[in-house]
Amino acid sequence: MAPAIKKYGITVSIGLLAFIILVAIFAGQVAPHDPENGKLDDRLFGPCAEYPLGTDQMGRCILSRIIFGARISLSVGIIVVSASVTVGTAIGLISGYFGGLIDEAIMRIVDSFLAFPSTLLALGIAGLFGAGFINMVIALIIVDWTPYARLIRATVIDLRGMEFIKASIGLGMGDLFVILRHVLPNTLSPLLVMATTGLGYVILAAAGLSFLGFGVQPPTPEWGFMLNDGKMFIRTAPYIMIFPGMMIMIVVLAFNYLGDSLRDLLDPRMKMVIR
Amino acid sequence: MITDERPGENRPLVEVYSLKVVFPTDDGIVRAIDTMDLSIREGEKLGLIGESGCGKTVFGHAIMRLLEDTTKVTGNIVFRGKALYSLDRESMRRLRGKEIGMILQNPGASLNPVLTVGSQVSEVLVLHKGLKKRTAWDRVVGLLGRVRIPEPERRAGEYPHQFSGGMKERAVIAMGIASEPVMIIADEPTKGLDVTVKRKIVRLLKEVTVEKTMLIITHDLDVAEEVCDRIAVMYAGELVEIAPRGAMFERQLHPYVQGFFQSLPDRGLKPIPGMSPSLIHLPEGCRFHPRCNRATGRCRTEHPEMIDTGDGRCVRCFLYA
C-alpha cells in the first residue's frame, strides 16, 4: 500500500468513525425529520433540499433513518463484540493456561462452532429464538466468541513457554494472579486488532440478519432492514437502497482499516518494515 | 543416600532422596535426572555444573516443582523438614518465592515486557511481605539500589526494554531476593552477558546471598570458583562427582570431570572426544564409558555407584572403588 494512504488511513478511519458515533449519539438533534413516521404525501422523493437523501415508500426521510440506524448498528456491534471478547478471552485463558483435558474439551466445542458458516448459524439461532434486537444480539454472540477464544488460547500457549511466566510461578504467584497480571496484558494487542476488525464484521452480520427479517423489527430504522425495504423499488428509487448500503460499507471498511492499521502499529515486526 | 554431613557443620537445608525425573516426548522417554542423592547444607553455596542438556536446569525446576504436568517425578526432596513432593499445590505455592527464591536464566525473557520493572519487583513484596502497594515502592527503590541499578527511583518506573542485559539481570536478582528467602536457586545467572558484566553480576550475587543457601546452576567454572563452597558435576542426568571447591579445582577424580576442566579455553582447550549421550538412549554400564580413555570391560556392563572417597568427596567411577 502506498505510504501516504498508510500514514493518513488510520487518521481518516478514526475520524470517520468518531463522526459517525457522534452523529449516532446526538441523532435526536442532528436528524432533520422523524425517522419512524413519514408524510405519506412525500413518498419516494429523490434527494432534494427538504430530504437530502430522499424518502422511502412511506415518506420517511432516509437521512434521518440512516442517522438513527447508526445507533442500532453501532450498539449491536459494540455489545456483541465486547460480550464475545469477554467470553472468548475468559475461555481462551483457561484453555491455554491449564491445557490438558480442559483445553481439549473446550477446543472441541469451539471447533464444532467453527465448523458451521457463522452467518448461517446466527440465522438459525435467531430463527429459533424469534426476531428482535435482543435475540439477534444473543445469536451473534453465540457465533462470535469462538475466534477470540482461539486467538487468546494460542497467545497464552505461546506465553506459557516464556521465561517470565515461569519466573512468576517460581516467585510463588498463584494461577489467577499470573493469568490476570502477566498473561492477560500480553494478549491485549492481538485482541484489540481482532476486536476492531470484528466490529465491522458484526455490523455486517447484523445488517444481514435484519435484511432477512431476523433482526430489528420495523418501524425501527436499521440499515439492513432499510435495504430490505428498498428492494422492491430498486429500479424506480434506487437511492432507498444505495445510501444505507453505502453506510454499511463505509463503517465496515473503516473498522477493517482501523484494525489493519492497529496491527501494523502494534506488531513490532511490521513496524520495522514500514520504517 | 550419601551424606557428607560432618560434626560441627550446619545441618542440611535441602535433602534430595533418589530423585528421578522422566518426561515422555515423541521420540521416547527422556530420563532427565536419574537417581540423584544430594544434600545442601544451610548457608552453603553449591555449584551444579555440567554441559547443556545434562539435566541441571531440570534439577533446579524440580526443587521448585516447576516441571510440566506430564513429567514423572519419583523420590523426594526435603526442604526444611518438608517433603516437597508430598505437599499440596497451595502449600508449595506459598513456599515458592518466599522461602526459595529463583533467579532464572535468560534475564531478557524473565521480565514481563508490558509491566514496569518496579511494579514487577513490588509484586513479590506485596505477595510475600504483605506490604501495601504504596509502601512497597520505597522498598523496591531500595532493592534496585542494592543490586546497583543507578538512579533506582527513575529506573523503577521504566520497562524492561529500556534496560540493558546486565541491568535486567540485576532486576531479576532483586526480584529473587525481595522476599528475603533462605535459599536462592540461580540458574545460569551469567548466561548471555559479556565478561566484564559477568564479573560484576557474580560479585553482586555473592554479596546479596551472604548467609543464604544458594544452588547455582552453571557451566561456567569461573563463576563456580568465585561463588561456590562445594561443586557437584552432572553428566547425562546423574551426578558424577561432588567435592569441596578447593579440592575440586586442585584435582578432579572422574575422567569426565577431568576432561571437562581441560576442555575450557584457559585450561588447555582440549575437547572430550565423542558426544554427550542423548537422555533417551543412554549407554549401558557407566554413562561415560564410550568417551572414556580409561574405560575397562566392567565399565561397559556395570553401572558404577557413587563412592565416598573421604574428605567430603564422592565420585561415580570404578577407578576409585
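For the structure given in this document, a descriptive report is provided here. (Residues numbered from 1 in each chain as written. Chains lettered and ligands numbered in written order. Predicted model: local features only at pLDDT ≥ 70, side-chain atom pairs only at ≥ 80, totals over all residues. Heavy atoms only, no water.)

## Side note on the environment of G208 of chain A
Residue and element names in this part refer to chain A. Tracing the backbone through its elements, the reader meets G208 in helix α8 (residues 175–211). Taking relative accessible area as the criterion, G208 reaches 27% and is therefore assigned partly exposed. In this structure, the C-alpha to C-alpha distance between G208 and L227, residues 19 residues apart in sequence, is 9.5 Å. (Helix = DSSP H or I, 4+ residues; strand = E, 2+ residues; numbered from the N terminus. Buried < 20%, exposed > 50% of the residue type's maximum accessible area, 1.4 Å probe, protein only.)

## A few points about empty space enclosed by the protein
The final tally for this structure, using the stated rule, is three cavities of 30 Å³ or more. A167 and L171 of chain A together with M102, I103, L104, S110, V172 and M175 of chain B together form the lining of the largest cavity. Broken down by secondary-structure element, the contributors of at least two residues to the lining of the largest cavity are β6 (100–103) and α7 (165–177) of chain B. When grouped by side-chain class, the residues that make up the lining of the largest cavity number seven nonpolar, one polar and no charged. (1 Å grid on protein atoms, 1.4 Å probe; cavity = no way out; pocket = protein on both sides within 12 Å on 5 of 7 lines; lining within 4 Å. Points joined across faces, edges and corners; volume = space filled by probe spheres on them. Nonpolar A, V, L, I, M, F, W, Y, C, P; charged D, E, K, R; others polar.)

## Brief notes about the nonpolar core
Membership of the largest hydrophobic core comes to 165 residues, with the highest contact counts inside it found for L140 of chain A together with M36, F59 and L215 of chain B. For this core, the element with the highest residue contribution is α8 of chain A, accounting for 13 residues. The contact partners of L215 of chain B, leaving out residues within four places of it in the chain, are I40, L46, L48, F59, I63, M183, I184, I185 and A186 of chain B. (Core = buried A, V, L, I, M, F, W, Y, C linked by side-chain atoms within 4.5 Å. Contact = heavy atoms within 4.5 Å.)

## With respect to the interface of chain A and chain B
Between chain A and chain B, the residue contacts involve 16 residues of the former and 26 residues of the latter. Here chain A meets chain B over a buried area of about 1800 Å², counting both sides, of which 60% is carbon and sulfur. Sorting the residues of chain A by area buried against chain B places E163, L171 and R181 of chain A first, and these three jointly supply 34% of that buried surface. Our count for the chain A to chain B interface comes out at two salt bridges. Two residues, E123 of chain B and R181 of chain A, come together in a salt bridge whose shortest N-O distance is 2.4 Å. Scanning the region where chain A abuts chain B turns up ten residue pairs in polar contact (both at pLDDT 80 or more). Elements that contribute at least two residues to the side of chain A that touches chain B include exactly α7 (163–170) and α8 of chain A. (Buried area = accessible area lost by both parts, 1.4 Å probe. Salt bridge = Lys/Arg side-chain N within 4 Å of Asp/Glu carboxyl O. Polar contact = N/O pair within 3.5 Å; in protein donor to acceptor, adjacent residues only side chain to side chain.)

## Looking at the packing of helix α9 (residues 223–230) of chain A against helix α10 (residues 239–266) of chain A
Residue and element names in this part refer to chain A. Packing of α9 against α10 leaves a shortest axis separation of 8 Å and a crossing angle of 155°. Classed by the angle they form, the pair α9 and α10 counts as roughly antiparallel. Relative to α10, the crossing made by α9 is left-handed. Each of W223, G224, M226, L227 and G230 in α9 lies in contact with α10, whose residues at this interface are I240, M241, P244, G245, M247, I248 and V251. (Axes fitted to C-alpha atoms, helices over the stretch in contact; angles between N-to-C directions. Parallel < 35°, antiparallel > 145°, perpendicular 65-115°, else oblique. Left-handed = near helix turned anticlockwise from the far one by under 90°.)

## Side note on the pattern of salt bridges
If you walk through the whole model with that rule in mind, you get 32 salt bridges over all chains. Ionic pairing is found between R60 of chain A and D56 of chain A, a salt bridge with its closest N-O pair at 3.1 Å. Given a relative accessible area of 5%, R60 of chain A falls into the buried group. Salt bridges sharing partners connect three or more residues here, namely R31, D34, E238, R287 and R316 of chain B.

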